[in-house]
Amino acid sequence: MSKIKITETILRDAHQSLIATRLSTDEMVPILEKLDQVGYHALEMWGGATFDASLRFLKESPWERLRKIKSKVKNTKLQMLLRGQNILGYKNYPDEVVKAFIEKSIENGIDIVRIFDALNDVRNLELAIKVTKAAGGHAQGSLAYTTSPVHTIEYYVDLAKKIEALGADSLCIKDMAGLLKPYEGEKLVKALKKAIKIPIDLHSHATSGLASMTYLKGIEAGVDIIDTAISPFSMGTSQPPTESFVATLEGTEYDTGLDLELLDEIAEYFQPIKDESIESGQMDPRVMGVNINALIYQIPGGMLSNLVSQLKEQNAIDRLDDVLKEVPKVRKDLGYPPLVTPTSQIIGTQAVLNVMAGERYKMIPKEVKQYVKGMYGKPTVPIEKAIVKLIIGDEEVITCRPADLLEPVLDKNRKKIAKYLIDEEDVLSYTLFPKPAMDYFEYREAKQNKIDETLLNDEDVVYPI
């Protein structure tokens, strides 16, 4: 057994989980060189919700963030999270977009692309894995972990074999809701290590209070890499703390070899940011505790906060328990999908509507109809015909890979944003998030015009002859 490698999540999943992805690039830059000195296996710092949040809330270019981080981090691999054929959005995109996005991500500095599909439909992973490898990146295929009568160890072993056969360089057990129990995790890792040859990365969230124990059992069972977060942004709906695992494994056969004193300096940098987040209300103390609802209803922390938000908007927070009980019923109706973006939003919204309408499936969002029609991929088990009929009537369910039905869009979108276009990355930003991207382009142009105007009016500016 070699030493355990650590992927640090502070620059992506940790702040996504605890402060709604609001850590800005300016807050990251001063600590990057220290993070680079640690000797992490990788820094997870892009993808997931960071792209959307950068454009929508921070008025930053996510591409510029990637380039800035790459310029400061010279020794550590940079990692991103990609939702397979969904890229970073909430629907499937044409193959040309997936290909262009991954190529540009690697060109701008990404080394490892963690690729998952919300339905564990390997057809939605295949292209992304192929393109990542062709572009010189490390393709980490993922199995989205969940629990149900059909999500057995045999199911996950079969899925892992298929992912390895696609050419993945490593496998991630992606436990987004903190559902993987320690002894079940030990069994799963042992079974996977017998079945596949590629390295295994264990990713979990501390939402249910199980993650640290599951990590330890996973390490003993043969896991190669664990995902942790520097302590101020660890635990709760985030990952277990980096320092605690470095200390726990020190002096053992699994010793990480990382320096606790250096990690402490990094923690000291992030502590005031955490304190400020709490004072401003950005970090809700409730996300820091143990939430047993995750185990009872299989609901990830981010999905729970989304349900609370939806109910508050309708002055119906008193119906939360009813909604929590409805979620597993909807999930069963719709073929036991794992609850991760975008399926968590699809199932959660339908559960809220079922409760609020007082009648199940009286109101059905277009996303639920698209899901039942097969436009996101293949559910874990076939949806009962009566449910299909109830939701999409006599419409036909597709059986092909959803992206096979999609037309190219990049040329059309390039023309739409011609006025604001600076580089090809702008086309990709607009394709994934049209309104947030356009709002950002307008903000960027106004900001540049203001700078130009200031320079023109500045009498101290010396112009070359």
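To start, this report covers the structure provided alongside it. Because the structure is a prediction, the values reported are computed rather than measured. (Residues numbered from 1 in each chain as written. Predicted model: local features only at pLDDT ≥ 70, side-chain atom pairs only at ≥ 80, totals over all residues. Heavy atoms only, no water.)

## Examining a negative patch on the surface
Convention followed: What goes into a patch is any residue over 30% in relative accessible area without a salt bridge, connected to like charges within 9 Å or, for nonpolar side chains (Val, Leu, Ile, Met, Phe, Trp, Tyr), within 5 Å. Working definition of accessibility: Shrake-Rupley area with a 1.4 Å probe, residue cover restricted to the visible protein chains. For this analysis, a salt bridge means a side-chain nitrogen from Lys or Arg found within 4 Å of a carboxyl oxygen belonging to Asp or Glu. In this tally Asp and Glu are treated as negative and Lys and Arg as positive; neither His nor the chain ends contributes. In this description, the location of a charge corresponds to atom NZ of lysine, CZ of arginine, CG of aspartate or CD of glutamate. Think of it this way: any DSSP run of H or I at least four residues long counts as a helix, any run of E at least two long counts as a strand, and we number them from the N terminus.
Together, Asp-259, Glu-261, Asp-264 and Glu-268 make up a region of like negative charge exposed at the surface. Mapping Glu-261 onto the fold places it in helix H12 (residues 260–280).

## Description of the packing of helix H17 (residues 366–373) against helix H18 (residues 385–392)
For clarity, the cut-off: Interaxial angles span 0 to 180 degrees and are taken between N-to-C directions of axes, which are lines fitted to C-alpha atoms, for helices over the stretch in contact. In what follows, roughly perpendicular refers to angles from 65 to 115 degrees, roughly parallel to angles under 35, roughly antiparallel to angles over 145, and oblique to any angle outside these ranges. Here a crossing is called left-handed whenever its near helix is offset anticlockwise from the far helix by less than a right angle, and right-handed whenever the offset is clockwise. Residues count as neighbours in contact if any of their non-hydrogen atoms are within 4.5 Å of one another. Residues are grouped as follows: Ala, Val, Leu, Ile, Met, Phe, Trp, Tyr, Cys and Pro are nonpolar; Asp, Glu, Lys and Arg are charged; all remaining types, including Gly, are polar.
It is at 9 Å that the axes of H17 and H18 come closest, and there the two elements cross at 140 degrees. On the basis of their axis angle, the class for H17 and H18 is oblique. Where H17 crosses over H18, the two elements pack in a sense that is left-handed. From H17, Val-368, Lys-369, Val-372 and Lys-373 reach across to H18, where they touch Val-388, Ile-391 and Ile-392. Here the residues of the contact of H17 with H18 sort into five nonpolar, no polar and two charged.

## Considerations on the packing of aromatic side chains
For clarity, the threshold we go by: Stacked, tilted and edge-to-face are the three classes applied to pairs of Phe, Tyr and Trp rings, where Trp contributes its six-membered ring and a pair requires centres within 6.5 Å; stacked means planes under 30 degrees apart, edge-to-face means over 60, and tilted covers the rest. Remark: exposure states derive from per-residue accessible area (1.4 Å probe, protein chains only) relative to the maximum for the residue type, with buried under 20%, exposed over 50%, and partly exposed in between. In this scheme, Lys NZ or Arg CZ marks a charge over a ring once it lies within 6 Å of the ring centre and within 35 degrees of the ring normal.
A complete count under the given rule lists 16 aromatic pairs for this structure. When the ring of Trp-46 is compared with that of Phe-51, the centres are 5.6 Å apart and the planes differ by 75 degrees; the resulting orientation is edge-to-face. The burial state of Trp-46 is the same as that of Phe-51; both residues are buried. Pairwise contacts between aromatic rings join Trp-46, Phe-51, Trp-63, Tyr-90, Phe-101 and Phe-433 into one cluster. Above the plane of the ring of Phe-116 lies Lys-174, whose end atom (NZ or CZ) is 4.9 Å from the centre.

## Regarding the sheet that holds strand E7 (residues 200–204)
Test applied: The pairing criterion for strands is at least two bridges between them, as found by DSSP.
With parallel pairing, the eight strands of this closed barrel are ordered in space as E1-E2-E3-E4-E5-E6-E7-E8. Looking at each pair of strands side by side, their axes are set apart by 30 degrees on average, direction ignored. Where strand E3 (residues 77–82) lies against strand E4 (residues 112–115), four bridges are found, and the strand directions are parallel. Along E4, the bridge assignment pairs Leu-82 with Ile-115. Where helix H8 (residues 153–165) meets the sheet, its contacts fall on strand E5 (138–144) and strand E6 (170–175), and the angle it forms with E5 comes to roughly 160 degrees.

## Some details on the packing of helix H9 (residues 182–195) against helix H10 (residues 211–221)
Remark: H9 packs on H10, axes separated minimally by 8 Å, with the N-to-C direction vectors making an angle of 30 degrees. The angle between H9 and H10 places the two elements in the roughly parallel class. Where H9 crosses over H10, the two elements pack in a sense that is right-handed. Note on element contacts: H10 touches H9 through Met-213, Thr-214, Lys-217, Gly-218 and Ala-221, opposite Pro-182, Tyr-183, Glu-186, Val-189, Lys-190 and Lys-193. Of the residues contributing to the contact of H9 with H10, the split by class is five nonpolar, two polar and four charged.

## Quick notes on helix H15 (residues 320–333)
Residues spaced three or four apart along an α-helix face the same direction, because each turn holds 3.6 residues. As a reminder of what qualifies: Expected span of a helix: the number of residues minus one, times 1.5 Å. The angle between axes fitted to the seven-residue stretch ending at a residue and the seven-residue stretch beginning at it gives the bend at that residue.
With 14 residues, H15 should reach 20 Å at 1.5 Å per residue; the first-to-last C-alpha distance of 20 Å fits that figure. Along its length, H15 shows its largest kink, about 25 degrees, at Glu-326, and proline Pro-328 lies within four residues downstream of that point. Among the residues making up H15, those that are buried are Leu-320, Val-323, Leu-324, Glu-326, Val-327, Val-330, Arg-331 and Asp-333. The first or second residue beyond H15 is Gly-335, which carries a positive phi of 85 degrees.

## Brief notes about the layout of surface pockets
What counts is decided by this rule: Here a cavity means grid points, on a 1 Å grid over the protein atoms only, where a 1.4 Å probe fits yet cannot get out; a pocket means an open set of points with protein on both sides within 12 Å along at least five of seven lines; lining residues are those with an atom within 4 Å of a point. Grid points are joined across faces, edges and corners, and a volume is the space filled by probe spheres set on the points.
Its volume calculated, the second largest pocket comes out at about 560 Å³. What lines the second largest pocket is a set of 23 residues, among which Asp-121, Lys-378, Pro-379, Thr-380 and Val-381 lie closest to the centre. Elements represented by at least two residues in the lining of the second largest pocket include exactly H8 and H17. It is H8 that provides the largest number of residues to the lining of the second largest pocket, a total of four residues. When the residues that make up the lining of the second largest pocket are grouped by side-chain class, the tally is 13 nonpolar, five polar and five charged.

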